[in-house]
Protein chains: 2
Amino acid sequence: MKNHIVVVGSLAYDSIETPRGKVEKTLGGSANYFSVAASLFSPVRIVGVVGEDYASSDLELLQTRNIDTQGMITAKGKTFHWEGSYENDMNEAKTLKTDLNVFEHFNPELPESYRNSEFVFLANIHPQLQLRVLDQVKNPLFVASDTMNLWINAARADLLKVLSRVHTLLINEGEAKLLTGASNAIAAASLILQMGPRFVVIKRGEYGFLMYGPEGYFMLPAVPVSDVIDPTGAGDTFAGGFFGYLASRAHSSFTTNDLKWACVFGSVMASFTVQGFGLSSLLKVNSQDVETRLNLFEKATKLSKAEN
Amino acid sequence: MKNHIVVVGSLAYDSIETPRGKVEKTLGGSANYFSVAASLFSPVRIVGVVGEDYASSDLELLQTRNIDTQGMITAKGKTFHWEGSYENDMNEAKTLKTDLNVFEHFNPELPESYRNSEFVFLANIHPQLQLRVLDQVKNPLFVASDTMNLWINAARADLLKVLSRVHTLLINEGEAKLLTGASNAIAAASLILQMGPRFVVIKRGEYGFLMYGPEGYFMLPAVPVSDVIDPTGAGDTFAGGFFGYLASRAHSSFTTNDLKWACVFGSVMASFTVQGFGLSSLLKVNSQDVETRLNLFEKATKLSKAEN
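Residues numbered from 1 in each chain as written. Chains lettered and ligands numbered in written order. Predicted model: local features only at pLDDT ≥ 70, side-chain atom pairs only at ≥ 80, totals over all residues. Heavy atoms only, no water.

**Description of the overall build of chain A**
- The helix and strand tally for chain A stands at 10 helices and 13 strands.
- The globule rule puts the C-alpha radius of gyration for 308 residues at 19 Å, and the 18 Å found for chain A is close to it.
- Dimensions of chain A, computed from the C-alpha atoms along their principal axes, are close to 70 × 45 × 40 Å.
- The buried share of chain A, taken over its 308 residues, is 60%.
- The contacts in chain A between residues at least 6 apart in sequence include a share of 64% that link residues at least 24 apart.
- Here chain A displays about 12200 Å² of accessible surface, and carbon together with sulfur accounts for 48% of that area. (Helix = DSSP H or I, 4+ residues; strand = E, 2+ residues; numbered from the N terminus. Rg over C-alpha atoms; globule rule 2.2 N^0.38 Å. Buried < 20%, exposed > 50% of the residue type's maximum accessible area, 1.4 Å probe, protein only. Contact = heavy atoms within 4.5 Å. Areas by Shrake-Rupley, 256 points an atom, 1.4 Å probe, with all protein chains shown as cover.)

**Here's the deal with the sheet that holds strand β6 (residues 80-86) of chain A**
Residues and elements named next belong to chain A.
- In space, the 4 strands of this open sheet follow the order β3-β2-β6-β7, with mixed pairing throughout. Where the open sheet ends on each side, the last strands, each with one partner, are β3 (21-28) and β7 (93-99). The sheet shows a mean angle of 15 degrees between the axes of neighbouring strands, taken without regard to direction.
- Relative to β7, β6 is paired through 6 bridges, and the arrangement is antiparallel. Within β7, the residue paired with Ser-85 across the bridge is Lys-94. (Pairing = 2+ DSSP bridges. Axes fitted to C-alpha atoms, helices over the stretch in contact; angles between N-to-C directions.)

**Thoughts on the interface of chain B and chain A**
- Chain B puts 41 residues into the contact, and the matching count from chain A is 41 residues.
- Of the roughly 3500 Å² buried where chain B meets chain A, counting both sides, 51% is carbon and sulfur surface.
- Put simply, chain B and chain A have 2 salt bridges between them.
- With a closest N to O distance of 3.6 Å, Glu-206 of chain A and Arg-204 of chain B form a salt bridge.
- Joining chain B to chain A, the criterion identifies 12 residue pairs in polar contact (both at pLDDT 80 or more).
- Secondary structure elements with two or more residues in the side of chain B that touches chain A: α6 (173-180), α7 (185-193), β13 (216-220), α9 (256-273) and α10 (287-301) of chain B.
- It is α9 of chain B that provides the largest number of residues to the side of chain B that touches chain A, a total of 5 residues.
- The class makeup of the residues in the side of chain B that touches chain A is 18 nonpolar, 10 polar and 13 charged. (Buried area = accessible area lost by both parts, 1.4 Å probe. Salt bridge = Lys/Arg side-chain N within 4 Å of Asp/Glu carboxyl O. Polar contact = N/O pair within 3.5 Å; in protein donor to acceptor, adjacent residues only side chain to side chain. Nonpolar A, V, L, I, M, F, W, Y, C, P; charged D, E, K, R; others polar.)

**What to know about the environment of Pro-214 of chain B**
Residue and element names in this part refer to chain B.
- Positionally, Pro-214 belongs in the loop between β12 (209-213) and β13.
- A sequence separation of 201 residues divides Pro-214 from Tyr-13, and the C-alpha atoms of the two residues are 39 Å apart.
- Every residue in contact with Pro-214, bar those within four places of it in the chain, is listed here: Arg-198 and Phe-199.

**Side note on the pairing of strand β2 (residues 12-18) of chain B**
Residue and element names in this part refer to chain B.
- Within β2, 6 of the 7 residues are buried, which leaves it mostly tucked inside the rest of the structure.
- In this sheet, strand β3 (residues 21-28) lies alongside β2 in antiparallel orientation, the contact comprising 6 bridges. Looking at β3, one finds that Thr-18 is bridged to Gly-21.
- Connecting the antiparallel pair β2 and β3 is a turn made up of 2 residues.

**Comments concerning helix α5 (residues 156-163) of chain B**
- Listed as buried for α5 of chain B are Asp-158, Leu-159, Val-162 and Leu-163 of chain B. All buried residues of α5 of chain B project into a common sector of 145 degrees when viewed along the axis, lining one side. (Arc of directions from axis to C-beta.)

**Regarding the relation of the copies chain B and chain A**
- In screw terms, the move from chain B to chain A is a rotation of 180 degrees and a rise of 0.0 Å along the axis, fitting with an RMSD of 0.0 Å. Such values leave the two copies arranged in the relation of a two-fold axis.
- Of the residues that chain B buries at the interface, 100% are likewise interface residues in chain A, meaning the two copies contact each other through the same surface. (Least-squares fit on C-alpha atoms with pLDDT ≥ 70 in both.)

**Quick word on the packing of helix α8 (residues 234-248) of chain A against helix α9 (residues 256-273) of chain A**
All names here are of chain A.
- Two numbers describe how α8 lies on α9: the axes approach to 7 Å, and their chain directions differ by 140 degrees. In terms of their interaxial angle, α8 and α9 are classed as oblique. Crossing geometry of α8 relative to α9 is assigned as right-handed. Here α8 contributes Ala-234, Thr-237, Phe-238, Gly-241, Phe-242, Tyr-245 and Leu-246 to the contact with α9, which in turn contributes Asp-258, Leu-259, Trp-261, Ala-262, Cys-263, Phe-265, Gly-266, Ser-267, Met-269, Ala-270 and Thr-273. (Parallel < 35°, antiparallel > 145°, perpendicular 65-115°, else oblique. Left-handed = near helix turned anticlockwise from the far one by under 90°.)

**Here we look at the nonpolar core**
- Judged by nonpolar contacts, the single largest core of 131 residues is most densely connected at Phe-242 of chain A together with Phe-242 of chain B.
- Among all residues touching Phe-242 of chain B, those that are not within four sequence positions of it are Phe-142, Val-201, Leu-259, Ala-262, Cys-263 and Gly-266 of chain B.
- By size, the runner-up hydrophobic cluster in this structure holds 43 residues, among which are Val-49, Phe-106, Ile-192 and Tyr-212 of chain B. (Core = buried A, V, L, I, M, F, W, Y, C linked by side-chain atoms within 4.5 Å.)

**Here's the deal with the packing of aromatic side chains**
- In the structure shown here, the tally under the stated rule is 39 aromatic pairs over all chains.
- When the centroid spacing of 6.2 Å and the interplanar angle of 40 degrees are considered together, the rings of Trp-261 of chain B and Phe-265 of chain B count as tilted. Taken as a pair, Trp-261 of chain B and Phe-265 of chain B lie in helix α9 at a separation of 4 residues, close to a single helical turn. The pair formed by Trp-261 of chain B and Phe-265 of chain B is uniform in burial state, with each residue classed as buried.
- Each member of the aromatic cluster is reached from another via a ring pair, and the members are Phe-34, Phe-119, Phe-121, Phe-142, Phe-209, Phe-218, Phe-238, Phe-242, Phe-243 and Phe-254 of chain A. (Phe/Tyr/Trp six-rings, centres within 6.5 Å; stacked < 30°, edge-to-face > 60°.)

**Here we look at unusual backbone geometry**
- Even without a glycine there, the phi angle at Asn-139 of chain A is positive, about 45 degrees.
- Looking at where Asn-139 of chain A falls in the secondary structure, it is placed in the loop between α3 (127-134) and β9 (142-145).
- For Asn-139 of chain A, a relative accessible area of 76% corresponds to the exposed category.
- Positioned with a positive phi, Asn-66 of chain B is a non-glycine residue whose angle comes to about 70 degrees.
- Checked against the element boundaries, Asn-66 of chain B lands in the loop between α2 (56-63) and β5 (67-74).
- Looking at Asn-66 of chain B, the relative accessible area reads 49%, which means it is partly exposed.

**Points about the sheet that holds strand β4 (residues 44-50) of chain A**
All names here are of chain A.
- Taken in spatial order, the 9 strands of this open sheet run β5-β4-β1-β8-β9-β10-β11-β12-β13, and their pairing is mixed. The sheet terminates laterally at β5 (67-74) and β13 (216-220), the two strands that pair on one side only. Pairs of neighbouring strands in the sheet enclose a mean axial angle of 15 degrees, with direction left out of account.
- Strand direction decides the pairing type here: strand β1 (residues 5-8) and strand β8 (residues 119-122), joined by 4 bridges, are parallel. From the neighbouring strand, Ile-5 faces β8, where its bridge partner is Phe-119.
- With respect to the sheet, α3 is in contact with β1, β8 and β9, its orientation differing from that of β8 by roughly 165 degrees.

Shown next, in the form of structure tokens:
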């Protein structure tokens, strides 16, 4: 019997400009990036809200990938729209405009069939909504959440409640330092574990990831990709690869080694996303591509015994 | 018969301020950091110039470590003095003051006994001086150089001549992008190889290193250290560990695997330097410490087979 992943997050249209060009209202949102990545490995269930302007083709795009969209509600109004741009180093998005639209009154309600999902990803949404989802799921095997500076600053108390209830926190480096007051990721990781999670994965963009747990640190650089077009969605794609891999393992419990491999698959999937605008590059990926990219990654980070 | 390393670089007194405190006129300079690190593995020979104010204890400090100081000249005047500070993230030094002093008229002259050194490190000095050293050594096995934005901007033609004559370039990420015009390290590495070196190692501070050569990329994060006190000299220490390990191998030629391990030992050594002001932490390191730190690094970056 397969493990199911439920993701609660945003579905959006993004307008993005990078040094490599620009796109208007391309498909985006954490739940889209996450589910396309995860669906290569495991069945995914989405909870989210879209407006009347959401294209049916964008819905079908998910349905043809083994993604259950029952939990996606259509509300009166327009879909969430984000507009942003990136400077030359592409490490940080500058938000130019955020039209929450229907996302403003989003109140996640899990269909009954979703409530026994073994794997739960609380993408970056208001911590109160994340708590609401936690109250609706029954004894999941594994729960992780993401967050952003907005919630760290404006909803810290609620965020800390979420952290006391998740197995793993996935968070960007800047936000890890903001959350903890630490001046580097190594120190931040250690402080985050005191807030509740058993593991933390700090995402470092082009510099890779840092995982920390009871057995210490595990860190690798990002997959070497020279043609970075648009980094939007890379973090959510990482989460999708991470969850997809973990849920595809038949165990009822996890080893640290499983989580290390989850980070590796997260990195592999994210490396596709950055190679095109929006979801364009990720949507073309198949299992063979994943295998090829994994081999590249292993080759770039593996240390053989020193010769004598 | 042991391989000898000759390093040509600066010997200095540094005044440094970081968020963790400040020191006045502490021992520094690329040749000092490099040689202390390398000397744990192989015999080192230094070429440099100091002023009349250079303490004899600072000279003895090297001599007790198997470092040949014949090539260190004392000139009339004061030793090179650098003053700098670091912001919270400690990734970039802000130069407050540079008193070249005797370093201004430095003209490296290798003692005859140094000229058959098998390993040559041209630390970050004017490319014309680096070329002068290259003209004095006889068929070294391995030559690497470092550089900085000052030379990339003001002495590019000379720098390109150096690059066409070295086996490996060691360079910081910001400078790799400045040198090549590339917007990320992955792309920069590839462009640098077109300038002459067979290998390039891009140093990324707290984010580790990226090596690129004929067999592709090899990258690892930095050793996880949470108590970063002062990052001054970390890059030169990396070079020292790199060279020290490579020269300790008895081969007359190199495999890519040797260079990967050289990067690992470079990272290991650099991780000690950042844990104290100036050279204070590095000077306390012995072989047992190196072994312990190497184990920590391997544990943090090694991926075991996925369990079934």
